[in-house]
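Report on the structure
Chain by chain, the residues:
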Amino acid sequence: MDTLQLQDLYKIYKEGDIETVALRGASLTVQSGEFIAITGRSGAGKSTLLNIMGGLSIPSAGRVLISGSDIAKMSESERTVFRRRQIGVVFQTDNLVPFLTAQENVMLPMQLAGRKNCSQEARTLLFEVGLKNRANHKPGMLSGGERQRVAIAVALANRPNLLLADELTGELDTATADQVMELLTGLNSEHKLTLIVVTHNKTVAARANRQVHIIDGQLTETTGTVRSI
Ligand SMILES: Nc1ncnc2c1ncn2[C@@H]1O[C@H](COP(=O)(O)OP(=O)(O)OP(=O)(O)O)[C@@H](O)[C@H]1O
Ligand SMILES: [Mg+2]
């Protein structure tokens, strides 16, 4: 991936008379191959930041630059193509298609990107996330942790350069969370997958090269040591 720059982002949600300022002047530069953990209290603006980084939501003010060009200036279709090819997102809440099997869910983004004959690759991805025997299960037949791992396989389907993950280990037991983190950190170190994870888990945060903390819609950064979350 090329350098991702967030410059002085503001996000204001308006619901009737109520305005919530979720981000107020958030800036961050992400270099290719970095692993960044984003921490902060509930409601601090972590998911808001991640959605903007992934081009899924537009900031109220500020700029998102990829290799220096502003994604707000792309057309909707350019942004969609860019997102499909370059970015994988694991959402905080379940985003699997309920009537498709695990394998079909993983194949969906591949097909949307115009790829054919992708069933084997989908199975390989499910194997990588430890779900080789669940390929034909629909989401309703899977546990919360298994669904989350399918969602990771979906996010990795087009082998993105940037993976954004919102609380991906929250629903997993320690052993499975470790396994998923091993997979992701392996992709980060071997394939230079740029990794940005929102987490409340100090062990996960401690694995990152950089820790970005959101407080009052602004970002502060620490490197290396674990801070209290
Ligand atoms: N669609 C929306 N409309 C109105 N307000 C919103 C919307 N989405 C988020 N908010 C508000 O913006 C603030 C930041 O929300 P956000 O989801 O980014 O927090 P978060 O840090 O991800 O929290 P959590 O750890 O609970 O997931 C919160 O006060 C939330 O209530
Ligand atoms: Mg959130």
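Here's the deal with the site of ligand 1
Taken together, the neighbourhood of ligand 1 is formed by 14 residues, with S42, G43, K46, T48 and Q92 sitting nearest. Here G43 contributes a backbone N or O atom positioned 2.8 Å from an oxygen atom of ligand 1. Calculation on ligand 1 without its partners gives an accessible area of 640 Å², and the protein chains cover 65% of this total. Of all elements in the fold, only β1 (4-15), β2 (18-30) and α1 (46-53) reach the threshold of two or more residues within the shell around ligand 1.

Considerations on the pairing of strand β9 (residues 210-215)
Successive side chains on a regular strand alternate, one facing one side of the sheet and the next facing the other. Most of β9 is tucked away, with 5 of its 6 residues classed as buried. Here 5 bridges tie β9 to strand β10 (residues 218-222), and the two strands are oriented antiparallel to one another. Paired with I214 across the strands is L219, a residue of β10.

Comments concerning the sheet that holds β9
Strand order in the open sheet formed by 6 strands is β6-β7-β8-β3-β9-β10, and the pairing between neighbours is mixed. Because the sheet does not close on itself, it has two edges, and the strands there are β6 (87-90) and β10. The sheet shows a mean angle of 20 degrees between the axes of neighbouring strands, direction not considered. Across the face of the sheet, helix α2 (residues 76-86) comes into contact with β6 and β7 (162-166) while running at roughly 75 degrees to β6.

Some remarks on helix α3 (residues 102-112)
An α-helical turn contains 3.6 residues, so a residue and the one three or four places further along point in the same direction. Residues of α3 that are buried: A102, Q103, N105, V106, M107, P109 and M110. Elements that come into contact with the buried residues of α3 comprise α4 (119-128) and α5 (144-155). A positive phi of about 85 degrees marks G114, the residue just after α3.

As for the side chain of D70
Its place among the elements puts D70 in strand β5 (residues 69-70). In this structure D70 touches R63, V64 and L65, once residues within four positions along its chain are discounted.

Here's the deal with the side chain of N158
Mapping N158 onto the fold places it in the loop between α5 and β7. A polar contact is formed between the side chain of N158 and the backbone oxygen of P109, at a distance of 3.1 Å. Engagement of the side chain of N158 in a polar contact is seen with the side chain of R115, the distance being 2.8 Å. If we skip the residues at most four places from it in the chain, N158 touches R84, R85, P109, M110, A113 and R115.

Considerations on the nonpolar core
Within the largest apolar cluster, 40 residues are counted, with the highest numbers of intra-cluster contacts made by V106, L126, V150, L156, L168 and L184. Broken down by secondary-structure element, the contributors of at least two residues to this core are β3 (35-39), α3, α4, α5, β7, α6 (174-191), β8 (194-198) and α7 (202-207). Not counting the four nearest positions on each side in its chain, L184 is found in contact with I152, L156, L163, L168 and L195. Grouped together as the second largest cluster of nonpolar side chains are 27 residues, L49, L50, I52 and I71 included.

A few points about α4
Those residues of α4 lying buried are A122, L125 and L126. Axial view of α4: buried residues confined to an arc of 100 degrees, hence all on one face. Turned more than 90 degrees away from the buried face of α4, the exposed residues are Q120 and F127. Buried-residue contacts for α4 involve α3 and α5. Just beyond α4, the residue with positive phi is G130, at close to 80 degrees.

Quick notes on the rules
- Every chain begins its residue count from 1, and numbering advances along the sequence as written.
- To read the labels, note that chains go from A and ligands from 1, taken in the order they are written.
- Only residues with pLDDT of at least 70 are given local features in this predicted model, and only at 80 or more are side-chain atom pairs given and counted; all residues enter the totals for whole chains, interfaces and linings.
- Calculated side-chain values reflect all of the structure's heavy atoms, with hydrogen atoms and water omitted.
- Throughout, the term near means that a residue has one or more heavy atoms lying within 4 Å of the molecule or strand in question.
- Definition of a polar contact: a pair of N or O atoms within 3.5 Å, with one able to donate and the other able to accept a hydrogen when the atoms are protein atoms, and with sequence-neighbouring residues admitted only if both atoms are side-chain atoms.
- Note on areas: Shrake-Rupley, 1.4 Å probe, and residue coverage restricted to the protein chains presented here.
- Helical segments are the DSSP runs of H or I of at least four residues, strand segments are the runs of E of at least two, and each set is numbered from the N terminus.
- Each residue is placed in one exposure class: buried if its accessible area under a 1.4 Å probe, protein chains only, is under 20% of its type's maximum, exposed if it is over 50%, and partly exposed if it falls in between.
- Strands are treated as partners if at least two bridges between them are detected by DSSP.
- Under this scheme, a helix contributes an axis fitted over its contacting stretch, all axes are lines through C-alpha atoms, and angles between N-to-C directions fall in the 0 to 180 degree range.
- Contacts are assigned to residue pairs that have any heavy atoms within 4.5 Å of one another.
- Here, nonpolar core means buried Ala, Val, Leu, Ile, Met, Phe, Trp, Tyr and Cys residues that are tied together by side-chain atoms lying within 4.5 Å of each other.
- In this context, the arc is that of the directions from the helix axis out to the C-beta atoms.

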